[in-house]
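# A structural walkthrough
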Amino acid sequence: MEKSATFNRAMMGRAVGESFVKLDPRVMVKNPVMFVVEIGFVITLFLTFDPNLFGGHYPPQQRAYNLVVTVVLLVTVLFGNFAESIAEGRGKAQAESLRKTKTDLLANRRLPNGTFESVPATALRKEDIVRVVAGETIPADGEVMEGLGSVDESAITGESAPVIRGAGGDFSSVTGGTKLLSDELLIRVTVNPGESFLDKMISLVEGASRQKTPNEIALSVLLAGLTLIFLIVVDTLEPFAHYVHGTIDVATLIALLVCLIPTTIGALLSAIGIAGMDRVIRFNVIAKSGKAVEAAGDVNTLILDKTGTITIGNRLATEFIPVGTHTEQSLIGTSVLSSLFDETPEGRSVVDLGKTKGVSYVREEYNNAENVEFSADTRMSGLDLPNGSIVRKGAVDAIRQYVQQHGGTVPGDLEEKTRRIAVEGGTPLAVIQDNEIYGLIYLKDIVKTGMRERFNELRKMGIKTVMCTGDNPLTAATIAKEAGVDDFIAEAKPEDKMRLIRSEQEDGKLVAMSGDGTNDAPALAQADVGLAMNTGTSAAKEAGNMVDLDSDPTKLIEVVAIGKQLLITRGAITTFSIANDVAKYFAIIPAMFMAVLPSLKALNIMFLTSPQSAILSALIFNAIIIPLLIPLAMKGVKYRPMSATAMLMRNIFIYGVGGVIAPFVGIKIIDLVITALGLAHI
Ligand SMILES: Nc1ncnc2c1ncn2[C@@H]1O[C@H](COP(=O)(O)OP(=O)(O)OP(=O)(O)O)[C@@H](O)[C@H]1O
Ligand SMILES: [K+]
Ligand SMILES: [Mg+2]
């Protein structure tokens, strides 16, 4: 992902152009506050041509005044559109660079007779099988069926370190557009054209599928309500003026209305949301919805999977430890046999370690045996041999239970040896043939770097971390301690992960989940924030509402900060906008009625030169405050790790008071300029 994209001249130019395109009423109507401004612009435009359109006998000079109001109204709308276009700009640039990776590719598709044909990648469909060799670009998203190789995913992640992809387990998914660096893979395509991860990423960064969040919708409704109220207020001014034997012209009423309705937040609302999503993307996280980012701002608990999430996930067999009366040699034999068709990284590593110790089996000789694949539910894998014998390897508690159920005995030294592996943070797998426990396989995995510091930071933010693993309690305890999580749950099945999330949610907590496996998918879907690792399976990436391209489970830290910042920025600018409008009310109303009711002169506390100048100054101030606040809307208010309520109160105070003072200063300055230019009496 391009991290350095800045606001260059080309992006500015495009944003200006788009500000005009967005004037289309069909687009504007989605933003009621600014749509009212646009309608006002159209009416004053007509009044510029014919000042007496709505009756009255206005002198020809009225045209000049109406023209100025018209221009300022148009500029107001354009400023709002510009804010949105600028916010969209970076995503559009990023989408363009991603599109470049979608060049015309050819794929080697397998025919029913087993031979291969060359077809354009765009012709590939779900369930097609393709062969990719080193140096080629992977033509579509899929699952590796056979082979193991290193893949350069930098086209999507921006990271250049190659990752290992292979059949079976949590590392079997590959993404179209990435490049195979070594070996050869047989891949089963899992998506139809147009539905790929890259396609989805493009539409997400581009904001094409952006939907307003519930918070944003609620605020829009509130703003529309305020607009309606002011419409009624302004509407009653005319009869009131009439009553005191004066008239107020329509252009002035429109100008007044626009000054009073919440145009500042109305203009910046969508830019704030887009900029928030964009900030998330710059941390290499793809958020599928703004709602997920906002939810992250209030997260209380983070649940994490262990293998592949907290640890690197490359669990490799390093030692065979026999138990009871069994020899190492007989254990190796059983272990390798149980893994003969196990395509997970664990299974393959057992076969490899066996080979280095001089034990190997010919697969073809076991074609009649039934392969029992590993599942997260049974936590075992192995073979059913044609002679009725069974071989299994699996989590020690699962194997122990199996043996006891089938009337076998558990050797006395099993527990002690299991302990030894587990306290070191390794994963012990017990190996059996029928009811006999032969011994243990020692699987080693390492904790990703920097986890402890990152979990400390989460703790400071008030977020509790819980590791939830299918592994045994001792291994879990060791890894939990090494990584520095607050709590852990061991021997968890997929439903247990989901149940844990539900129970936290029932206590009124917002829960985030980081995971990578297919067995994490239900939990990722259930969580308020589901952060899937990019190294994970496509099921996990599909189920989560965020994908971290760097596969760092603690990336939640950045997302939480951005979520909080997003909520607070929106609150701050809303407060500022409404405080502004109230202040403007007191600035303009006295000036406006000065002409008809000289006694109101006393209320002209700002000593504005003339009623026209007062109106125009307020209207101009109202317009230029929008671009002045664009940087704040884009960058967000400064975030400090403090409680959300404390921060909100602090910001409401700053932006509320600032919002009341700013218009008095701003309007006065503009009035002085208008007067100096001799335009106070147009
Ligand atoms: N290929 C395999 N064959 C047999 N048993 C396995 C295999 N892979 C893992 N196991 C056992 O099953 C347990 C659960 O594995 P799984 O990868 O589903 O864990 P999980 O629930 O995702 O938790 P985590 O990823 O945090 O370890 C492992 O701890 C291990 O004991
Ligand atoms: K306003
Ligand atoms: Mg897992």
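Quick notes on the rules
- Residues numbered from 1 in each chain as written.
- Chains lettered and ligands numbered in written order.
- Predicted model: local features only at pLDDT ≥ 70, side-chain atom pairs only at ≥ 80, totals over all residues.
- UniProt positions renumbered as here; feature names shortened; annotations may be inferred.
- Buried ≥ 20, exposed ≤ 12 C-beta atoms within 10 Å, placed from the backbone.
- Helix = DSSP H or I, 4+ residues; strand = E, 2+ residues; numbered from the N terminus.
- Contact = placed C-beta atoms within 7 Å.
- Pairing = 2+ DSSP bridges.
- Axes fitted to C-alpha atoms, helices over the stretch in contact; angles between N-to-C directions.
- Near = placed C-beta within 6 Å.
- Nonpolar A, V, L, I, M, F, W, Y, C, P; charged D, E, K, R; others polar.
- Domains from an automatic or database assignment.

For the protein chain, the name recorded in an unreviewed UniProt entry is Potassium-transporting ATPase ATP-binding subunit, with Alicyclobacillus mengziensis as its organism. Per its UniProt entry, the protein chain bears the Subcellular location (unreviewed entry) comment "Cell membrane".

Right, let's talk about helix 17 (residues 473–483) for a bit. Residues that lie three or four places apart on an α-helix share one face, since the helix turns once every 3.6 residues. Inspection of helix 17 places Leu474, Thr475, Ala476, Ile479, Ala480 and Ala483 among the buried residues, and these make up the whole buried set. Packing partners of the buried residues in helix 17 comprise helix 11 (306–310), helix 15 (414–423), strand 16 (427–433), helix 16 (451–460), strand 18 (464–468) and strand 19 (487–489). One or two steps after helix 17, the chain reaches glycine 484, where phi turns positive at roughly 85°.

The next thing to look at is the sheet that holds strand 21 (residues 529–533). Ordered in space as 10-22-21-20-11-18-19, the seven strands form an open sheet in which the pairing is mixed. Looking at which strands have only one partner, the edges of the open sheet turn out to be strand 10 (285–287) and strand 19. The sheet shows a mean angle of 20° between the axes of neighbouring strands, direction not considered. Here strand 11 (residues 301–304) pairs with strand 20 (residues 511–515) via four bridges, running parallel. Bridge pairing in strand 20 links isoleucine 303 to methionine 513.

Further remarks concern the UniProt feature "active site" (unreviewed entry) in the protein chain. Taking the UniProt record as the reference, the feature "active site" (unreviewed entry) is found at Asp305. Assignment of secondary structure puts aspartate 305 in the loop between strand 11 and helix 11. When sequence neighbours within four positions are dropped, the list of residues in contact with aspartate 305 reads Cys468, Thr469, Ser514, Gly515, Asp516, Gly517 and Asp520.

Turning our eyes to something else, we now look at the site of ligand 1. The environment of ligand 1 is formed by 24 residues, the closest being Lys306, Thr307, Ala395, Thr469 and Gly470. Listed by contribution, the elements that provide at least two residues to the shell around ligand 1 are helix 11, helix 13 (345–356), strand 14 (380–384), strand 15 (390–395) and strand 16. Tallied by class, residues from the shell around ligand 1 come to six nonpolar, eleven polar and seven charged. Residue contributions to the shell around ligand 1 reach at least three from each of two domains, namely domain 3 (301–312 + 449–549) and domain 4 (316–444).

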